[in-house]
Amino acid sequence: MTATRTLPQTPSGDAPSRRGAEARALTQALFEELAGLEPGTAEHGRIRGALIEANLALVRYVAMRFRSRNEPMEDVVQVGTIGLIHAIDRFDISRGVQFPTFAMPTIIGEIRRYFRDNVRTVHVPRRLHETWVQVHSATEDLTVALGRTPTTAEIADRLQIAEEEVLASVEAGRAYRVSSLEAAQERDDTMPGLIDRIGYEDPELASVEHRELVRHLLVQLPEREQRILMLRYYRNLTQSQISAELGVSQMHISRLLSRSFARLRSANTIDA
C-alpha cells in the first residue's frame, strides 16, 4: 500500500500560485513513484490515473484559450485530456524539466488538430442547414425537369419560401465545401491560386508555443511581480520609469525583477 504523501508547504500568498506549487509537487512525487512500477500492472494504472487527475487543471487552462472558437468547452477539454495522456506516457523525469512545461505543447497540438480536422470554420444554424438541404434537393430536381440550372425565384416558388431564404441557405451551404488553395480562380485558369494570393509565412508563428509557456509560468507569480514584468517587457519601460509609476525605489524594482526571474527558472526546471 502506498504511503500517504505530504506535500511541501508553500509560503502564504497568492492562492493560484500555492495551488500550482502543490500540483507540481504532487505530479513530481507521482512520476517518481510511476518510474519504479511495471507498465500494465494495476498499481501502474492507478498512479497513471492519479497523474491525469492531478493535471486536469492544466488541460482546462489550455482549453480556455480556445473558448472563442464556439465549440463546447467539454469537447475541447476532452481532446486536451488525450494530449495530456500522451504527454504523461512520453514524459521522462530524468530530463529535469517540469511536467507542465513538457505537456503544454502536446495538449495545445492535440486541440489544434481537433479544430483542424473535425470542426468547420463556419457553424451553420440548424434552420439554415435544413433549408440548404431542401434547396439542394430542389435544385437537382428542377435541373432535370428544366434542362438547365433553375433560378432563385424558381427554387423559392418550388419550396414556397422567400428568395432571401434561398440565397441565405446557399451562402451557408458553402461552409460544407472546401476549396483547394492551389486551385486557379473559377473560369480563369490563368489566374494564380488562392495560396499565391493569400498565403504568407507569419513570422510570429514559431514563437506561439513559447509565448504560451511564458504565460503559463507568468501567472504563477504574485500580481505585483506580474505587473512589473509586463511594464518592463511589454510596455518597454525602464526600471526608473517603473519605479516612478509604482511609487517604489528603483533598487526595489531591480530586486523584484531578480526574484521574479529566479522563481520562473525554478518553476521551469526540476531541482536536481
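Residue positions are counted from 1 within each chain, in the order its sequence is given. Confidence filtering applies because this is a predicted model: local features only for residues at pLDDT of at least 70, side-chain atom pairs given and counted only at 80 or more, and all residues used for totals across whole chains, interfaces and linings. Only heavy atoms go into the side-chain values, all of them from the structure, while hydrogens and water stay out.

## Remarks on unusual backbone geometry
- The backbone phi angle of Gln160 is positive, close to 60°, even though this residue is not glycine.
- As for its position among the elements, Gln160 is in the loop between helix H7 (152-159) and helix H8 (163-173).
- For the exposure calls, accessible area comes from a 1.4 Å probe over protein chains only, and a residue counts as buried if that area is under 20% of its type's maximum, exposed if over 50%, partly exposed in between. You can call Gln160 exposed: its relative accessible area is 64%.
- One non-glycine residue with positive phi stands out, namely Asn236, at about 60°.
- Numbered from the N terminus, helices here are DSSP runs of H or I no shorter than four residues, and strands are runs of E no shorter than two. Structurally, Asn236 is set in the loop between helix H11 (223-233) and helix H12 (239-246).
- Look at Asn236 and you get exposed, because its relative accessible area is 59%.

## Thoughts on the pattern of salt bridges
- Take a side-chain nitrogen of Lys or Arg and a carboxyl oxygen of Asp or Glu: if they are within 4 Å of each other, that pair is a salt bridge. A full pass over the atoms with the stated rule returns nine salt bridges.
- The partner of Arg148 in a salt bridge is Glu154, and the shortest N-O contact between them spans 2.7 Å.
- According to the relative accessible area criterion, Arg148 is partly exposed, its value standing at 39%.
- With a shortest N-O distance of 3.6 Å, Arg227 and Glu245 are connected by a salt bridge. Here Arg227 is found in helix H11, whereas its partner Glu245 is found in helix H12, with 18 residues between them in sequence.
- Judged by its relative accessible area of 44%, Arg227 is partly exposed.
- One network of salt bridges, with partners in common, ties together Glu225, Arg259 and Arg263.

## Concerning the packing of aromatic side chains
- Pairs were defined over the aromatic rings of Phe, Tyr and Trp, the Trp ring being its six-membered one, requiring ring centres within 6.5 Å. Orientation was assigned from the angle between planes: stacked under 30 degrees, edge-to-face over 60, tilted for the rest. Per the stated rule, a full pass over the model turns up seven aromatic pairs.
- Ring centres of Phe66 and Phe115 lie 5.7 Å apart, and the angle between their planes is 15°; this geometry places the pair in the stacked category. Taken together, the residues Phe66 in the loop between helix H3 (56-64) and helix H4 (73-90) and Phe115 in helix H5 (residues 99-118) connect sequence positions 49 residues apart.
- Judged by relative accessible area, Phe115 falls into the buried class, the value being 9%.
- Their ring planes at 65° and their centres at 5.5 Å tell us that Tyr114 and Phe115 sit as a pair that is edge-to-face.
- A relative accessible area of 16% places Tyr114 in the buried class.
- Taken together, the ring pairs connect Phe31, Phe91, Phe99 and Phe102 into an aromatic cluster.
- Here, a charge over a ring means that NZ of Lys or CZ of Arg falls within 6 Å of the ring centre while also lying within 35 degrees of the ring normal. Between the NZ or CZ atom of Arg232 and the centre of the ring of Tyr233, over which it lies, the distance is 5.3 Å.

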